[in-house]
Amino acid sequence: MYQEGDLTHFNQTLTRCNIRKCWQKVLSQSDFYQRKNEVDVFNSENRWKKRGIAVIPTKFGISFTATFMNQAGALILVYTDGSVLLTHGGTEMGQGLHTKMIQVASRALKIPVDRIHISETSTNTVPNTSPTAASASSDLNGMAVIDACRTIMERLEPYMTSDPKGSWDDWVRAAYFDRVSLSATGFYKQVMLLSIVLRIKYYCIYAVSIE
């Protein structure tokens, strides 16, 4: 099993490799050996009906190997009632990506999640989107959302400074009446340093499951 500093078959040095810790924790918390003994006993006593149990480790590399795909865009629209419409380049397919992006925007704008609404992914708002794949969509689109939110916060900063006791709605209205744009695009491209390029994968995640 891999450990810190090992080389993969494609010569990438593994860092922050916690697979052995995951392995031991799963074995302990699941009572794996006791359950395996119970399975063995059941199988020895039943000729036609069998049970099984397995514990499996995994390592998964994050990022596209095609560098040009490691980019994303986002669009933030702030309305005078304080509501926010968010669009990003990722596709929601039940994995919770939209929820994550709302949470990212909520933290960046410092407003509750119920003030933020998602506009379904479309190339008429965020063009040239990368595939939602390689387990990189949260990283890429999340950073693009942060970039757009930072632009909005920079524009609101003078009103927040002049009225520190005001609310989000107060600052938004003040900016609007001062003819400040309340929409912003965000863009992110993964920084590909030489040390990262040589890794093949940006980073790896590790997990263990029992079933």
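In case you missed it, the structure is sitting above this.
Quantities reported herein were computed from a predicted structural model and do not represent experimental measurements.

> Would you mind showing me how to read the packing of helix 4 (residues 137-162) against helix 5 (residues 168-177) here?
Helix-helix packing: each pair is described by the crossing angle between the helix axes and the interaxial distance. Where helix 4 meets helix 5, the closest approach of the two axes is 9 Å, and the angle between their N-to-C directions is 95°. Classified by the angle between their axes, helix 4 and helix 5 sit roughly perpendicular to one another. Contacts from Ile152, Met153, Leu156, Tyr159 and Met160 of helix 4 reach helix 5 at Trp168, Trp171, Val172, Ala174 and Ala175. Looking at the contact of helix 4 with helix 5 residue by residue, the classes come out as ten nonpolar, no polar and no charged.

> Sorry, what's going on with the sheet that holds strand 3 (residues 84-88) here?
Think of a sheet as strands paired side by side through backbone hydrogen bonds, with each pair either parallel or antiparallel. Strand order in this open sheet of four strands is 4-3-2-5, and the pairing throughout is mixed. Looking along the sheet, the strands with just one partner apiece sit at the ends: strand 4 (116-118) and strand 5 (183-189). Across the sheet, the mean angle separating the axes of adjacent strands is 25° when strand polarity is ignored. Examined bridge by bridge, strand 2 (residues 71-78) and strand 3 share five bridges and lie antiparallel to one another.

> Help me understand the nonpolar core, please; the structure alone is not making it clear to me.
Note on soluble globular proteins: their nonpolar side chains tend to be buried together. Counting 32 residues, the largest nonpolar core has Ile76, Val78, Val84, Leu86, Leu109, Ile152 and Trp168 as its most contacted members. Counting only elements with at least two residues in this core, the list comes to strand 2, strand 3, helix 3 (97-109), helix 4, helix 5 and strand 5. With nine residues, helix 4 is the largest single contributor of residues to this core. What isoleucine 76 contacts, discounting residues up to four positions off in sequence, is Val84, Leu85, Leu86, Ala148, Cys149, Ile152, Leu182, Ser183 and Ala184. Of all hydrophobic cores here, the second largest spans ten residues; its members include Leu14, Cys17, Ile19 and Phe32.

> Before we go on, may I ask you to explain the pairing of strand 3 in this structure?
Put simply, side chains in a regular strand alternate between the two faces of the sheet. With four of five residues buried, strand 3 is to be regarded as a mostly interior element. Here strand 2 folds back onto strand 3, and the loop between the two strands holds five residues, one of which, glycine 82, carries a positive phi near 90°. Pairing between strand 3 and strand 4: three bridges, direction parallel. Bridging from a neighbouring strand, leucine 85 pairs with histidine 117 of strand 4.

> In this structure, what is going on with the packing of aromatic side chains? I would like to understand it.
Any two aromatic rings considered together are summarised by their centre-to-centre distance and by the angle between their planes. Counted by the stated rule, this structure contains two aromatic pairs. Judged by centre distance (5.4 Å) and plane angle (75°), the rings of phenylalanine 32 and tyrosine 33 are edge-to-face. Look at phenylalanine 32 and you get buried, because its relative accessible area is 8%. Lying over the aromatic face of phenylalanine 42, arginine 51 brings its terminal NZ or CZ to 3.8 Å of the ring centre.

Reading guide: rules and limits
Residues numbered from 1 in each chain as written. Predicted model: local features only at pLDDT ≥ 70, side-chain atom pairs only at ≥ 80, totals over all residues. Heavy atoms only, no water. Axes fitted to C-alpha atoms, helices over the stretch in contact; angles between N-to-C directions. Helix = DSSP H or I, 4+ residues; strand = E, 2+ residues; numbered from the N terminus. Parallel < 35°, antiparallel > 145°, perpendicular 65-115°, else oblique. Contact = heavy atoms within 4.5 Å. Nonpolar A, V, L, I, M, F, W, Y, C, P; charged D, E, K, R; others polar. Pairing = 2+ DSSP bridges. Core = buried A, V, L, I, M, F, W, Y, C linked by side-chain atoms within 4.5 Å. Buried < 20%, exposed > 50% of the residue type's maximum accessible area, 1.4 Å probe, protein only. Phe/Tyr/Trp six-rings, centres within 6.5 Å; stacked < 30°, edge-to-face > 60°. Lys NZ or Arg CZ within 6 Å of the ring centre and 35° of its normal.

Such coordinate-based values are descriptive only and should not be taken to indicate function.
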